[in-house]
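Take a look at the letters that make up each chain.
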Amino acid sequence: MGIKRKICIAAGLLMLLAGALYLVLLMPQNARDEQEQMQQPAETAVEETAEVEISEQQKKETDLPDIDINSWEYVLVNAEHSIGEYAPELGELEGQKLDQRILEPMQNFVAGARAEGLSVLLSSGYRGYEEQQYLFNRKVEQYGEEQAATIVSRPGTSEHQTGLACDITDEYYELKNESLENTALYQWMSRHCHEYGFIVRYPKDKEKITGIIYEPWHFRYVGVEAATYMAEHNLCLEEFVALYQ
């Protein structure tokens, strides 16, 4: 075998050894690269979930009615929010005094129910500060102040003082208790009240929030836009107002 041929063979062997060594050194890095590539989709998925959550939050915010929450129809009256001796300008409908601004929607609401063959009785509308004071004091004499406050609202904290609320019962079923929900009148009014701008102010499942027992006779005006939103999202007035704070 010639010298040149031996040199060629030796060079070939060296090249093979170098190639094998290169592969040995390279494989761990490739393995790490593959592992990183496998992990990458998981990181992307987290980012996509976060984007969906943000999008849903933004949707909730933009979905809110574009209203002035400080306008008269959204006034919040409860044990923590007194209106003092406030008195609205009153009108009268079927023997009940109401804020004059809700006479037309209330008239339409009642007419809608009667068009369905239902009997409607407006049984209690506006109640002024002094009358509420009298009712509260009478209960205090009977039960003491602490228990009286669980039966009758303190003056300044009753929705009836706003003139925006009215108790509505079946003309032939005047009892104001939970059984009223079984009447055809309540079932129709509770489903359609938002179409006229009214809500069931004290729903059954919101007692801990409103602080008032379920009253399937107490309807409150808030306007069609707000009432519809509250109906669609199962909100009471406290929850609705809080969305704007």
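The structure reproduced in this document is the subject of the present report. Note that this is a predicted model, so its numbers are computed, not measured. (Residues numbered from 1 in each chain as written. Predicted model: local features only at pLDDT ≥ 70, side-chain atom pairs only at ≥ 80, totals over all residues. Heavy atoms only, no water.)

1. Focus on the nonpolar core
Logical step 1: Counting 24 residues, the largest nonpolar core has Met106, Phe109, Ile168, Met189 and Phe219 as the members making the most contacts within it.
Logical step 2: Of all the elements in the fold, those that place two or more residues in this core are helix 2 (103-115), strand 4 (165-169), helix 5 (184-192), strand 5 (198-200) and strand 6 (218-221).
Logical step 3: No other element matches helix 2, which puts five residues into this core.
Logical step 4: Once residues within four sequence positions are removed from consideration, Met106 is found in contact with Leu93, Leu98, Leu122, Cys166, Ile168 and Phe198.
Logical step 5: Counting residues in hydrophobic clusters, the runner-up holds 14 residues, among them Ile199, Val222, Phe240 and Val241. (Core = buried A, V, L, I, M, F, W, Y, C linked by side-chain atoms within 4.5 Å. Buried < 20%, exposed > 50% of the residue type's maximum accessible area, 1.4 Å probe, protein only. Helix = DSSP H or I, 4+ residues; strand = E, 2+ residues; numbered from the N terminus. Contact = heavy atoms within 4.5 Å.)

2. Remarks on helix 3 (residues 129-143)
Logical step 1: The first and last C-alpha atoms of helix 3 sit 21 Å apart over 15 residues, in line with the 21 Å expected at 1.5 Å per residue.
Logical step 2: Listing the buried residues of helix 3 in full gives Gln132, Leu135, Phe136 and Lys139. Projected down its long axis, helix 3 carries its buried residues within an arc of 95°, all on one side. Seen from the open side of helix 3, the exposed residues pointing more than 90 degrees away from its buried face are Glu130, Tyr134 and Glu141.
Logical step 3: If you follow the buried residues of helix 3, they end up packed against helix 4 (145-148).
Logical step 4: Positive backbone phi, at 95°, marks Gly144, one or two positions downstream of helix 3. (Expected span 1.5 Å × (residues − 1). Arc of directions from axis to C-beta.)

3. Considerations on the sheet that holds strand 6
Logical step 1: Strand order in this open sheet of four strands is 3-4-6-5, and the pairing throughout is antiparallel. The sheet terminates laterally at strand 3 (121-124) and strand 5, the two strands that pair on one side only. Neighbour to neighbour, the strand axes of the sheet diverge by 40° on average, direction disregarded.
Logical step 2: Where strand 3 meets strand 4, three bridges bridge the pair, whose relative direction is antiparallel. In the sheet register, Leu121 faces strand 4, and the bridge partner there is Thr169. (Pairing = 2+ DSSP bridges. Axes fitted to C-alpha atoms, helices over the stretch in contact; angles between N-to-C directions.)

4. Things to note about the layout of surface pockets
Logical step 1: Put simply, the largest pocket is a space of about 730 Å³.
Logical step 2: Size it by volume and the second largest pocket reaches roughly 270 Å³.
Logical step 3: Along its surface, the second largest pocket is lined by 16 residues, and Ser190, Val200, Pro203, Met230 and Ala231 are the ones closest to its centre.
Logical step 4: Contributions of two or more residues to the lining of the second largest pocket are made by helix 5, strand 5 and helix 7 (224-233).
Logical step 5: Taken together, the residues that form the lining of the second largest pocket break down as ten nonpolar, three polar and three charged. (1 Å grid on protein atoms, 1.4 Å probe; cavity = no way out; pocket = protein on both sides within 12 Å on 5 of 7 lines; lining within 4 Å. Points joined across faces, edges and corners; volume = space filled by probe spheres on them. Nonpolar A, V, L, I, M, F, W, Y, C, P; charged D, E, K, R; others polar.)

5. Overview of the pairing of strand 1 (residues 90-93)
Logical step 1: Only one face of strand 1 is covered, namely the one carrying Gly91 and Leu93; the face carrying Leu90 and Glu92 has none of its residues buried.
Logical step 2: Pairing analysis gives four bridges linking strand 1 to strand 2 (residues 96-99), with the strands arranged antiparallel. From the neighbouring strand, Glu92 faces strand 2, where its bridge partner is Lys97.
Logical step 3: Here strand 1 folds back onto strand 2 in antiparallel fashion, the turn holding two residues, of which Glu94 has a positive phi close to 50°.

6. With respect to the packing of helix 2 against helix 5
Packed helices, taken two at a time, are described by their axes: the angle between them and the distance between them.
Logical step 1: Viewed as axis vectors pointing N to C, helix 2 and helix 5 meet at an angle of 130°, and their least axial separation amounts to 10 Å. Classified by the interaxial angle, the pair formed by helix 2 and helix 5 is oblique. Along this stretch, helix 2 crosses helix 5, giving a crossing that reads as right-handed. Judged by residue contacts, Phe109, Gly112 and Ala113 of helix 2 engage Leu185, Trp188 and Met189 from helix 5.
Logical step 2: Split by residue class, the contact of helix 2 with helix 5 holds five nonpolar, one polar and no charged. (Parallel < 35°, antiparallel > 145°, perpendicular 65-115°, else oblique. Left-handed = near helix turned anticlockwise from the far one by under 90°.)

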